[in-house]
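Single-letter residue listing:
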Amino acid sequence: NNKKVLIGNDEMQMNSGGSSGNHTRRFRQVMQNEMTSKKYSIITGRNFDGESSSSISNANNNTSSFSQATEQNRSRIHHALNPFALLPGDLPGYTGWARPEQTLAGYFDIERSSHPGPIARDIPSSSTQQYTKYHSVVKSEDKFSLLITCNNDKILDSNRESLVEPPYLCPEEGGSLFYLRAYGPSVISGNIIDHHNRSYSVEMYPVDPGEYTVELVVTFSSPLNFDDLPINRAKSVAKTQSSLEYENEEEVEPGFEGYMVAGFPLLIWVDPLFPGKSSKQGSVDEKPLCNITQLTDSSPLSSLSKGHWQVIDHVARFSHQPLTPDESGVTLDGYRMGLNSVGVRMQYTFEDCELLRIRDIFDGMTNGTGHIIERCLDNLNYDRSNITNFSRHDFDIEKQNNGTVGLDLAIGRRVDSFNGIHIIFIGDSVMKLEMGFFTKLVTDPRSRSIFQGLKISFLETNGGIHATMANVTSKLNAILENEGNQSKKVILFNTGLHDVDILCSSIRSRSRGSKEEINDTKACVDLYREALEDLTRVIDAYPAQIKIFRSTTAGWQKYGNYGFSWPATSIQPLSRSPHVVHYFNEIAYSTIQKCCSTISIADGYWITLPRPDHTQTSDTNQIGKHLVHPGYEILSVFARRWLMTIICGLCSGVLAE
């Protein structure tokens, strides 16, 4: 009754929900009896961290080339490479948002592919139909690309008798926006390059071998220039009643479409890089632990090829083993973890290195060497017996307090003698969720308190940095006044989603007009750039040992997001889309790299973009949180990366132990 659910590399306790009924046990026994024939020869085990281990002896050795496969073993090979691999339709796509009829989705043609499909002469005649379904055959880790073009050619009329002009024209300078996702053994996204001549390059880097379903979705056929947002900004600097009333004028942003491009979805096959291995470095245990360079990024695109989401479980596969206390029932935790919803669990895998796993963090507590944070403090020669122990706040991931969470812990009482590690989170509700998960990683399970020598603070930026800059600055100064330079300080910060929403959205003009800090005559991108410059200058000058900006997560994803009731008469506007978020991230990279040599950047965008299927859920699935808050699997990656970054930056010798 106390079974554990493994989320990627993470272990989470499921609340006891009673044992399964007899009907469930009988059902499983019948299924097991039915599935004992030789064709189901895969016996899959699962280790502590949820990584799949298969007893298929030499299946991978037969996958060195697609052309060597036969009709009989193609499906076996695909299953052997990853018994939980996703098939077409396993992930949701359109889930009910209201969208305009006008779209260019049907106007695109695939002009060119970087990789051809199967060569007919290499396919046995009996297998031709099986293999010609693949659009392309790609080698693992190769860049797979397509060139698509928007065409205005005349079409047959409804009676198919004469040629007529199509109802819409392709923009000559391009500008259409897309969402790209491929899923199979893993789930990945990619990059779209606009050539500004009606042609676009579609690029992705599949790593895990097997069959992939590639989806290319038109999100906005003819969007506005992001520099023109918000579309209804005030015409004068004065914050008058007339400028506030300006929001009532009928100005509507382009609405999210979400139609599949003609010719998609398409299937591709990815061959292993090396026979017998699913990736270039084989199992996770063969990879080195990630270093600070691998955990941070140098450009808005550098993280795109650093890692991917690997499918590690699927309840609709024979290899799945039950994990919930009652297999016949449903729970909110089960829904959040995929077991009672989409049916899929994943873990994020770096291509060249390994993140700390839960067992790596806590194992020392059983073998006598201590939790990894305790070892870090010892490495820094801190006498933890003389450091004040701060009680652990109850950081419930779903029910957090307001912006004062953590502030009482940090500066509510004066502790001049503190000289441990002070971790300062600065951000919105997404960063607060990350802090909540991080806090669980550094909580002593014996005392349910944060380990001695560690202090955690949260400085809130809800409402955007314009509205909170003064508060953030004063709180940082208060911490410095209390502690001086005795403590090791770590600043992990982000500002983005609230800035996008308030500064760019046409429906937030009243909020902008009511704030003296915001000059509503300016474009939102310019306002964000100015505010971020102010914030980063403060943090750059602050005496902290580690300072990292986390790029803004891919909020407001529509395609693939499920589990709530969309309003039937409201469009999903351009300003609330991952495209504007990415543009803000480009501004952030440029701003920080120009001004602030002490601040590093870690990705939040590319880790979240492929996972619209995994966002925060509640029993009522509120639309707002469900569109912008990531789910447990993503929060786990962020939290473990934060912990590993701190260890690398302050006490890297601990990782070598």
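As shown above, the structure is provided for reference.
Below: a short report on this structure.

The rules behind the values
Residues numbered from 1 in each chain as written. Predicted model: local features only at pLDDT ≥ 70, side-chain atom pairs only at ≥ 80, totals over all residues. Heavy atoms only, no water. Disulfide = S-S within 2.5 Å. Helix = DSSP H or I, 4+ residues; strand = E, 2+ residues; numbered from the N terminus. Buried < 20%, exposed > 50% of the residue type's maximum accessible area, 1.4 Å probe, protein only. Pairing = 2+ DSSP bridges. Contact = heavy atoms within 4.5 Å. Phe/Tyr/Trp six-rings, centres within 6.5 Å; stacked < 30°, edge-to-face > 60°.

### Topic: the state of the cysteines
Consideration 1: The full count for this structure, using the stated rule, is 5 disulfides.
Consideration 2: Paired through a disulfide, C290 and C353 show a sulfur-sulfur distance of 2.0 Å. Of note, the bridge from C290 to C353 carries an S-S torsion of about 85 degrees and is right-handed in sense. Here C290, found in the loop between strand 16 (266–271) and helix 5 (292–295), pairs with C353, found in the loop between strand 18 (344–350) and helix 7 (358–362); they are 63 residues apart in sequence, far enough to count as distant. Here C290 and C353 have matching classes, each one buried.

### A look at the pairing of strand 13 (residues 199–204)
Consideration 1: Taken across its 6 residues, strand 13 has 6 buried, putting it largely inside the fold.
Consideration 2: Residue alternation in strand 13 divides its side chains into two sets, S199, S201 and E203 and Y200, V202 and M204, and both sets are buried.
Consideration 3: Alignment of strand 7 (residues 144–150) against strand 13, held across 6 bridges, turns out to be antiparallel. When the sheet's bridge partners are listed, F144 is paired in strand 13 with M204.
Consideration 4: Between strand 12 (residues 191–194) and the antiparallel strand that follows it, strand 13, lie 4 residues; H196 among them carries a positive phi value of about 60 degrees.

### Comments concerning the environment of G117
Consideration 1: Following the sequence through the fold, G117 ends up in the loop between strand 5 (108–113) and helix 3 (128–131).
Consideration 2: Relative accessible area serves as the criterion here: at 25%, G117 is assigned to the partly exposed category.
Consideration 3: For the pair G117 and I268, spaced 151 residues apart in the sequence, the C-alpha separation amounts to 8.1 Å.
Consideration 4: Residues within four places of G117 in sequence aside, it is in contact with Y134, H135, S136 and V137.

### Some remarks on the packing of aromatic side chains
Between two aromatic rings, the relevant description is the distance of the centres plus the angle of the planes.
Consideration 1: Under the defined criterion, the tally for this structure stands at 19 aromatic pairs.
Consideration 2: Between Y107 and Y168 the ring centres are 6.3 Å apart and the planes differ by 35 degrees, which places this aromatic pair in the tilted class. Within this pair, whereas Y107 is found in the loop between helix 2 (74–81) and strand 5, its partner Y168 is found in the loop between strand 9 (163–164) and strand 10 (177–183), the two being separated by 61 residues in sequence.
Consideration 3: Between Y528 and F584, the aromatic rings sit 4.4 Å apart at their centres with planes inclined by 35 degrees, giving tilted as the arrangement. Residue Y528 is found in helix 15 (residues 524–541), and its partner F584 is found in helix 16 (residues 578–595); the two are separated by 56 residues along the sequence.
Consideration 4: A relative accessible area of 1% places F584 in the buried class.
Consideration 5: Taken together through their ring pairs, the aromatic side chains of Y94, W97, F220, F256, F564 and W566 make up a single cluster.

### Digging into the environment of L441
Consideration 1: On the secondary structure map, L441 appears in helix 11 (residues 429–441).
Consideration 2: With relative accessibility at 3%, the residue L441 sits in the buried group.
Consideration 3: Counting along the chain gives 195 residues from L441 to S636, while the straight-line C-alpha distance between them is 9.5 Å.
Consideration 4: With residues up to four places along the chain from it excluded, the contact list for L441 reads I358, I361, F362, H371, A639, R640 and L643.

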